[in-house]
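# Summary of structural features
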Amino acid sequence: MEKALDSRGRAEKPEAPRDYEELIRVIHERYDSMSKGYQSIALFLTQNPNDVAVRSVSALAERRGVHASNFVRFAQSLGYSGFKDLQELFQKRLSTAAPGFEARVKALEGELGAREDRSEYGFLRDLVVRDVASLRALLTDVAADDLARAAELLHRAEAIYLIGQLRSAPVVDLLRYVFTMLGKRCVLLDPSGGLATHMSRTMAKNDVLVAVSFRFYATEVVNVVENVAAGGISIIAITDSTLSPLAKSADVLFAVPEHEYTFSRSLAAPMCLAQALTVALAARLQNNAEDPRIPTVTGQ
């Protein structure tokens, strides 16, 4: 990326984004031209906005596995004098996201930091506390308009195609079960037999694809999403960042930041979002926004 020069031939310092929304837009615009190291930091920032707001630069760098100076230089490349100036945008976003949310995040940090119980029950408590925080964050991470638009696409679709592999597979399995019980024609692009890519080519213009993928993104899922988008077919994506390879192809994007802890990353928030989509679809199909019902196999 060519840098502007001042009258003395020196590279001009770029103007720093003034709010969180502008920062994310600038990161998106410059992402492809960034070095691999800066791309890694950019992805981390967009996936962990709440952590960025409340943790020190040293703690963030340790989690990312780089030196703190890398975060400082990244901030300076965007026009800030240091990382603290960039961090203030994340802090402002967090303080205005929802009443009391910043206090809850700080309480969570203190609660987990003070934990001394290393028993099996202690692990359960740790997971529950973190999952509660991630579920609360859904209310700030997900826009009401996006939920409504996704529900309408699902409602109008002739057939709903689903793809999600590896750790994402349970999310699409849940969606397939509920969509089928609601009477929607549903096709799971199962990787078994190596046919998922070929099955996706049978999609028609009035179908919709629901794609679920988190880092490290399954190659076949990314390829299918790009091919389907090229065919002009609507895509609803559930992923972990607005910089995810699914983001540029999605008609409706749900970026649900993941929080890495213990041996794995939780599916609590993506599963809750998936359930919200099924209930929203049920309300439309049943013309019943008050008390939509999900049929079950064992129901009478």
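Look above for the structure.
Residues numbered from 1 in each chain as written. Predicted model: local features only at pLDDT ≥ 70, side-chain atom pairs only at ≥ 80, totals over all residues. Heavy atoms only, no water.

## Topic: the nonpolar core
To keep it simple, the criterion reads: What is meant by a nonpolar core is a set of buried Ala, Val, Leu, Ile, Met, Phe, Trp, Tyr and Cys residues, joined one to another through side-chain atoms within 4.5 Å. Three labels apply to residues, based on accessible area from a 1.4 Å probe with only protein chains included: buried if under 20% of the type maximum, exposed if over 50%, partly exposed otherwise in between. The contact criterion used throughout is that any non-hydrogen atoms of two residues lie within 4.5 Å.
Among the nonpolar cores identified, the biggest contains 50 residues, and L45, F74, L86 and L209 are the most heavily contacted of them. Setting aside its immediate chain neighbours within four residues, L209 contacts Y161, L162, I163, L189, M203, V224, V225, V228, S234, I235 and I236. Judged by nonpolar contacts, the second largest core, of 32 residues, contains L153, V178, I236 and V256.

## Looking at the pattern of salt bridges
Under the convention used in this document: Basic side-chain nitrogens of Lys or Arg form a salt bridge, by our definition, when they fall within 4 Å of a carboxyl oxygen of Asp or Glu.
Applying the stated criterion to the full structure yields nine salt bridges. For R55, the salt bridge is made with D51, and the minimal N-O distance between the two is 3.8 Å. For R55, a relative accessible area of 21% corresponds to the partly exposed category. D291 serves as the salt-bridge partner of R293, at 2.8 Å between the closest nitrogen and oxygen.

## Details of the sheet that holds strand 1 (residues 160-163)
Rule in force here: Pairing between two strands requires that DSSP report at least two bridges joining them. Secondary structure counts use DSSP, requiring at least four H or I residues in a row for a helix and at least two E residues in a row for a strand, with both numbered from the N terminus. Note on geometry: axes are C-alpha line fits, over the in-contact stretch for helices, and angles between N-to-C directions span 0 to 180 degrees.
Here we have five strands laid out as an open sheet, ordered 2-1-3-4-5, and parallel in their pairing. Of all the strands in the sheet, the pair left with one neighbour each is strand 2 (186-188) and strand 5 (252-255). Geometrically, the sheet is characterised by an average inter-axis angle of 15° between neighbouring strands, direction not taken into account. For strand 1 and strand 2, the ladder comprises three bridges, and the chain directions are parallel. From the neighbouring strand, Y161 faces strand 2, where its bridge partner is V187. Those strands touched by helix 9 (residues 144-156) are strand 1, strand 3 (208-212), strand 4 (234-239) and strand 5, and its axis lies near 130° from that of strand 5.

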